[in-house]
Structures are given as structure tokens and as C-alpha cells.
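Survey of secondary and tertiary structure
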Amino acid sequence: MQIFLDSTDTKQIRELAATGLVDGVTTNPSLIAKAGRPMLEVIAEICDIVEGPISAESVATDHKTMIEEGKKLAAVASNVVVKLPLTKDGLIACAELAREGINVNVTLCFSAVQALLAAKAGAAYISPFIGRLDDHGADGVGLIGDIRQIYDNYGYDTEILAASIRTAEHVRGSALAGADCATIPPDVFATLFKHPLTDKGLDQFLSDWAKTGQSIL
Ligand code: G3P
């Protein structure tokens, strides 16, 4: 599974990228607003930190302007992936950008049939928002499974990018359901390492080792 960070906090991205476990980054207009810096400057910096796919989202609503914005975003760096909303205009723009060799991450996906259309439009990634579905009493992880089955039925190579991740359980469920990637907020990513029994077991190992009076180096 590819692990992306869902963030524009370049300090946190840099720190977590140092683990060697970060394969890409996703952003969205809300995260750009949170950064409080010019969008293209933030995207360019993130592209320098992480060499994998970096999603940068168009803010247009008509396909003509989406295509223009998409080309400008793609020109920032070779690892930019253009993010477009799952609307009729978004899929028209997706198909055109895909034809021109620009990778598109179709975002704000909340149903399997939306994901089907995104694959037909040539999306490189589909972003089902599982946390927001759960927030509305739906089954976010279940959607991942439905999309996986549909894509496998027809041999679509669009990558399923589980998004709107709230917990480690969302990561687990997405991995079990066959998502290709998960985009994870840094705070949630930090919890993936943790388990109380790991801490307890390490404390015991080190305590027993200390009693030996030995050192390895
Ligand atoms: O950036 C895409 C998605 O992960 C954002 O989800 O629900 O945390 O705003 P959310």
C-alpha cells in the first residue's frame, strides 16, 4: 500500500518523509488555505521534499478552466498530480488532461458509480472520502471494497486512494479492502507506529538487558 500524507505542513511532511515510509502527499483548497502561503509555492516545496505523487487541486468549476489550471499546476513539478472534483465538468477535464499525459486524482468521491465514471474518464487515482461517509452514518471502508471489486471486474488501472482518513482503523480497513494508497493526516500517521504492548514489551526488554551489565558497542 502506498502511504501519502494529507497535509500542507511542510515541516511535518519533512519530518515524516525522513522515515522513508511516505510515498506521496495530497493537498486540497482547505489545506492550502490553512498553510497561509501562496499555493504554487507550497506545492513546489512539497514536490522538493517528497519525490512521489503530489496532488494539487484545481479550484475551477468549468472544464475549460479546470484544464487550464491543471496544466499550470502540472507545470510546477514533474511529480504533480492534478486533483479534480467528481463532477461532470471534472470528468470532462480529467479525460482531456489524461489524454495529454497529465495524471489526475479525481476527488470528493462518495459512491461506487462515481468511481466507475472516474475510471472511464482515465483518472490515475480515485479518492473516496471514507471519513466523511462515516460522519454521515455510511460505510466508508465498504465503499473501498465496492470500488475494488468494480475496478477488478473490468481491469481498470485507476488507483484507489483512500482519503478522509480519521483513524488507524480506517487505514486497516482500507488496506484489507484493497486500496492501492491511503492519504493520512500527519497526526493519524503518527499513531500507526503505536501499540501499548510494544511500549510495554520494549520497556521489559531494556530493563532485563540493563541487568546484564553488557553493551553491544
Ligand atoms: O484531502 C482529501 C481528503 O483526505 C480530505 O478529507 O475529510 O479530512 O477533509 P477530510
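Notes on the structure follow. (Residues numbered from 1 in each chain as written. Predicted model: local features only at pLDDT ≥ 70, side-chain atom pairs only at ≥ 80, totals over all residues. Heavy atoms only, no water.)

1. With respect to the side chain of Thr183
For Thr183, the location among the structural elements is in strand S8 (residues 181-184). For Thr183, a relative accessible area of 1% puts it in the buried group. There is a polar contact of 2.5 Å between the side chain of Thr183 and the side chain of Thr26. (Helix = DSSP H or I, 4+ residues; strand = E, 2+ residues; numbered from the N terminus. Buried < 20%, exposed > 50% of the residue type's maximum accessible area, 1.4 Å probe, protein only. Polar contact = N/O pair within 3.5 Å; in protein donor to acceptor, adjacent residues only side chain to side chain.)

2. Thoughts on the environment of Asp62
Secondary-structure assignment places Asp62 in the loop between strand S3 (54-57) and helix H4 (63-74). Exposure remark for Asp62: the relative accessible area of 32% places this residue in the partly exposed category. Separated by 27 residues in sequence, Asp62 and Asp89 place their C-alpha atoms 5.6 Å apart.

3. What about the pairing of strand S1 (residues 2-6)?
Of all 5 residues in S1, 4 are buried; the element is thus mostly enclosed. Bridge analysis of S1 against S8 gives 4 bridges, and the strand direction is parallel. Within S8, the position partnered with Phe4 by the bridge is Thr183. Pairing of S1 with strand S2 (residues 24-26), which is carried by 3 bridges, proceeds in the parallel orientation. When the bridges of S2 are listed, Leu5 appears paired with Val25. Taken together, S1, helix H1 (residues 10-17) and S2 constitute a β-α-β crossover, and its handedness is right-handed. (Pairing = 2+ DSSP bridges. Right-handed = clockwise from strand over helix to strand, strands pointing away.)

4. Quick notes on the packing of aromatic side chains
What the rule picks out here adds up to 5 aromatic pairs. Here Phe4 and Tyr125 contribute two aromatic rings whose centre-to-centre distance is 6.1 Å and whose plane-to-plane angle is 70°, an arrangement assigned as edge-to-face. Note that Phe4 is positioned in strand S1 and Tyr125 in strand S6 (residues 125-128), a separation of 121 residues in sequence. Both residues of the pair, Phe4 and Tyr125, belong to the buried class. Members of the aromatic cluster, connected to one another through ring pairs, are Tyr151, Tyr154 and Tyr156. (Phe/Tyr/Trp six-rings, centres within 6.5 Å; stacked < 30°, edge-to-face > 60°.)

5. What about the site of the ligand?
Taken together, Asp6, Asn28, Lys83, Phe129, Arg132, Ala163, Ser164, Arg166 and Thr183 are the residues near the ligand. Measuring from an oxygen atom of the ligand, one finds a side-chain N or O atom of Lys83 at 3.3 Å. Here Arg132 contributes a side-chain N or O atom positioned 2.7 Å from an oxygen atom of the ligand. For the ligand, the accessible surface in isolation is 310 Å², of which the surrounding protein chains cover 85%. In the shell around the ligand, the residues fall into 2 nonpolar, 3 polar and 4 charged. (Near = heavy atom within 4 Å. Areas by Shrake-Rupley, 256 points an atom, 1.4 Å probe, with all protein chains shown as cover. Nonpolar A, V, L, I, M, F, W, Y, C, P; charged D, E, K, R; others polar.)

6. Quick word on the sheet that holds S3
The parallel closed barrel is built from 8 strands, whose spatial order is S1-S2-S3-S4-S5-S6-S7-S8. Between one strand axis and the next, the sheet turns by 30° as a mean value, whatever way the strands run. Where strand S7 (residues 159-162) lies against S8, 2 bridges are found, and the strand directions are parallel. Paired with Leu161 across the bridge in S8 is Cys181. With respect to the sheet, helix H3 (residues 39-49) is in contact with S2, S3 and strand S4 (80-85), its orientation differing from that of S3 by roughly 170°. Helix-sheet contacts for helix H5 (residues 88-99) involve S4 and strand S5 (104-109), and the interaxial angle to S4 is about 155°. (Axes fitted to C-alpha atoms, helices over the stretch in contact; angles between N-to-C directions. Contact = heavy atoms within 4.5 Å.)

7. Examining helix H8 (residues 140-154)
Taking 1.5 Å as the rise per residue, H8 with 15 residues should run 21 Å; its terminal C-alpha atoms sit 22 Å apart, in good agreement. Turning to H8, the residues buried within the fold contact S5, helix H6 (112-120), S6, helix H7 (130-135), S7 and helix H9 (168-177). Measuring from the side-chain oxygen of the N-cap residue of H8 to the backbone nitrogen of Val141 gives 3.5 Å; that N-cap residue is Asp139. Downstream of H8 by a residue or two, Gly155 has a phi angle that is positive, lying close to 70°. (Expected span 1.5 Å × (residues − 1).)

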